[in-house]
Amino acid sequence: MKMQRIETPGIAHYAYLIADGTEAAVIDPGRFVEPYLEAAKTLGVRVTHILETHRQEDFAMGSAYLAEQTGAQIVNGNFETFEHGDIRLNDGDSVNVGSLTVKALHTPGHTPESMSYVVYPPDSEAWCVLTGDALFYGTTGRTDLPDADKSIENAGILHDVVNEKLATLPETTVVLPAHGPGSVCGSGMAEKPYSTLGEEKQYNDVFTLSREQFAQKKGGERNPRPPFFRFMEQVNKKGGLAPLPRTETVPLLTPAEFEKQTRNQRVIDTREPEGYAGGHMAKSHSIWLGGLPVFGGWVSDEKTPVFLITDRNEDIYDAAKQLARIGIDNVDGALAGGFGAWRSSGYPIAASGSITPETLRKSASNYQVLDVREDDEFAGGHIPGAVHMYVGYLEERVEELSLDTDRPVVVTCGVGHRAGLGVSILLRAGFTGVRNLLGGMKAWYSLELPVES
């Protein structure tokens, strides 16, 4: 018996390959299936089963394409929310992978169709449980996705199934969730390489809190829901999307071609926020390369043409692939030579700026402060007098801000990346004198500067 975890950059997604003998199962594969095929090849096995814990919302799954490439059978729960599946399991049903028995447990709460899979070696107790988003390290998946108004009710359901079904497994059972820290499918995950049920019972809220306490805490979380989730729901009902060959052949445009083709179009600058602050193409959005598979879905969608500005040509393929993970395939061009080519072309260059925490503290009366972190982050502590709006909502609701467009604005987040997007949105909305707080709240706290809650 062998197991390999395969991580997807940028979205904290964990897929798994579990093998025994010559057969293997892949659990919750992403859209780009090469890592799973390579892992199977390295282990000398063939993929016979593809297990889905639930209909993922934060990335495009690759189940259907992987099945096409390998001839594997897709296994999921017997629910209407799936429109595909070769083997549909009810609670307690099982399938075999080599000599392993994989037992399905219905574990709703995160989503109604969520399944967990317990893996049993021959004549042995449970070795691992693949929990999807029902159980993470230190917490569980969010419970507002099926219906935000029923988040507390769903959290109670999740508490019940985890304690009634998963908690009965041996404490040595290895827990294998679908996500790690940084995923938009939950918050408060622990930084751990691996964990067991016994460890989770010691500190995970779903085990240590009463049903009522957990339901109120988990159900009361205020996590933003990216707009691309709805699109992911629809494509994953059918087994996800095939890889997009065009991510490797994005048209390279000269500065003159880029300037002409991007008029009134969506331009995303993938450089670090400090680079964007020093100089950028006017009206472009600033989203750092690693943030594209989350924040690209806040400013664009599967129908909107997108053009890219990168540091260098080598980044273009990575950027297009990151967007493709959430179904944004319409990258219609990229600036050949990166921003350096634009800088050398003589075309107009806009700039924003940056500011250090100490400078802001000493001249606070000269600036308005906008905090673009999530609600819980802001509530936990922020710069005195700061206005708050989560960056994902900013473009649509910028007119609701109680800020003067003609007075300097400092934008802050955790370390400066989300603030970079916030800066670009404010500039597009006509604000002047916009600056990014270097180091964000992490630097502010490090210097022990004043905060309010």
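Now for a description of the structure that goes with this document. Everything quoted here is computed from the prediction, not taken from an experiment. (Residues numbered from 1 in each chain as written. Predicted model: local features only at pLDDT ≥ 70, side-chain atom pairs only at ≥ 80, totals over all residues. Heavy atoms only, no water.)

It is worth spelling out the sheet that holds strand 9 (residues 115–120) at this point. If you trace the six strands from one edge of the open sheet to the other, you get 7-8-9-10-11-12, paired in mixed fashion. The open sheet is flanked by strand 7 (94–97) and strand 12 (195–196), the only strands paired with a single partner. In this structure, strand 9 lies alongside strand 10 (residues 128–132), joined through three bridges in antiparallel fashion. Of the residues in strand 10, the one forming a bridge with Val118 is Val129. Packing of helix 3 (residues 151–166) onto the sheet brings it into contact with strand 8 (100–106), strand 9 and strand 10, and relative to strand 8 it is tilted by some 150°. (Pairing = 2+ DSSP bridges. Helix = DSSP H or I, 4+ residues; strand = E, 2+ residues; numbered from the N terminus. Contact = heavy atoms within 4.5 Å. Axes fitted to C-alpha atoms, helices over the stretch in contact; angles between N-to-C directions.)

Scanning the entire structure with this criterion turns up 24 salt bridges. Across the pair Lys238 and Glu83 runs a salt bridge, and its minimum N-O distance is 2.8 Å. Separated by 155 residues along the polypeptide, Lys238 in the loop between helix 7 (228–237) and strand 13 (252–253) and Glu83 in the loop between strand 5 (73–77) and strand 6 (87–89) bring together distant segments of the chain. Residue classification places Lys238 among the exposed positions, given a relative accessible area of 55%. For Asp269, the salt bridge identified is with Arg271, shortest N-O distance 2.7 Å. The pair formed by Asp269 and Arg271 is uniform in burial state, with each residue classed as buried. Salt bridges here are not isolated pairs; linked through shared partners, they connect Glu57, Arg225, Arg230 and Glu233. (Salt bridge = Lys/Arg side-chain N within 4 Å of Asp/Glu carboxyl O. Buried < 20%, exposed > 50% of the residue type's maximum accessible area, 1.4 Å probe, protein only.)

Side chains Val174 and Leu176 project from strand 11 (residues 174–177) onto one buried face, and the interleaved Val175 and Pro177 project onto a second face that is buried too. Relative to strand 11, strand 10 runs parallel, the two being bridged by four bridges. The residue bridging Cys128 from the neighbouring strand is Val174, located in strand 11. Between the parallel elements strand 10 and strand 11, the chain passes through helix 3 in a crossover that is right-handed. By the bridge criterion, two bridges tie strand 11 to strand 12 in an arrangement that is antiparallel. Residue pairing in the sheet places Val175 in a bridge with Ser195 of strand 12. (Right-handed = clockwise from strand over helix to strand, strands pointing away.)

Bringing the nonpolar core into the picture now. Phe295, Leu370, Leu401 and Leu426 are the most contacted members of the largest nonpolar core, which totals 46 residues. Of all elements in the fold, only helix 7, helix 10 (292–299), strand 16 (306–309), helix 11 (314–324), strand 17 (331–335), helix 15 (391–397), strand 21 (409–412) and helix 16 (417–428) reach the threshold of two or more residues within this core. (Core = buried A, V, L, I, M, F, W, Y, C linked by side-chain atoms within 4.5 Å.)

Spatial ordering of the open sheet is given by 1-2-3-4-5-6, a layout of six strands whose pairing is mixed. Single-partner strands in this sheet number two, and they are strand 1 (2–8) and strand 6. Across the sheet, the mean angle from the axis of one strand to that of its neighbour is 20°, orientation sign disregarded. Two strands pair when backbone bridges link them, and strand 4 (residues 46–51) and strand 5 are joined in this way by three bridges, in the parallel orientation. From the neighbouring strand, Ile50 faces strand 5, where its bridge partner is Ile74.

What follows deals with the side chain of Gln322. With respect to the element layout, Gln322 can be found in helix 11. What makes Gln322 buried here is its relative accessible area of 4%.

Right, let's talk about the environment of Tyr390 for a bit. Residue placement: Tyr390 occurs in the loop between strand 20 (387–388) and helix 15. Judged by its relative accessible area of 5%, Tyr390 falls in the buried class. Placed 166 residues apart in sequence, Tyr390 and Pro224 show a C-alpha to C-alpha distance of 8.1 Å.

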